[in-house]
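Here is what each chain is made of, one letter per residue.
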Amino acid sequence: MQRLLIIIGALFLAAGLAWPWLRRLPFGRLPGDIHVVREGFSFHFPIMTCIVISLVVTLILWIFRR
């Protein structure tokens, strides 16, 4: 458990340091993401981004468990 928490912390640190480059990635603006803008109302649900991230994390975990 300690090793997992250290790894997660290191990943957050790396993502924070790489944020200027990571924010240029198209996540959150992929085709299939729902974005509704009306007068006085805005709704954004990145469904395709969630699916892509889920697939990547599943693949990474599957590789590490082998």
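Structure: see above.
Read on for an overview of the structure. (Residues numbered from 1 in each chain as written. Predicted model: local features only at pLDDT ≥ 70, side-chain atom pairs only at ≥ 80, totals over all residues. Heavy atoms only, no water.)

## A few points about the overall build of the chain
A count of helices and strands for the chain gives three helices and two strands. When the helices and strands of the chain are placed in sequence order, the string is α-α-β-β-α. The C-alpha radius of gyration computed for the chain amounts to 16 Å, which surpasses the reference 11 Å derived for 66 residues by more than 25%, pointing to a less compact arrangement than a globule. Overall, the C-alpha framework of the chain stretches about 50 × 25 × 20 Å when taken along its three principal axes. Considering the chain as a whole, with its 66 residues, one finds that 5% of them fall into the buried category. Counting only carbon and sulfur atoms, one obtains 73% of the accessible surface of the chain, whose full area is about 6300 Å². (Helix = DSSP H or I, 4+ residues; strand = E, 2+ residues; numbered from the N terminus. Rg over C-alpha atoms; globule rule 2.2 N^0.38 Å. Buried < 20%, exposed > 50% of the residue type's maximum accessible area, 1.4 Å probe, protein only. Areas by Shrake-Rupley, 256 points an atom, 1.4 Å probe, with all protein chains shown as cover.)

## Quick notes on helix α1 (residues 2-17)
Its 16 residues give α1 an end-to-end C-alpha distance of 23 Å, which sits within 8% of 22 Å, the value for a rise of 1.5 Å per residue. Little of α1 sits inside the fold, with zero of its 16 residues counted as buried. (Expected span 1.5 Å × (residues − 1).)

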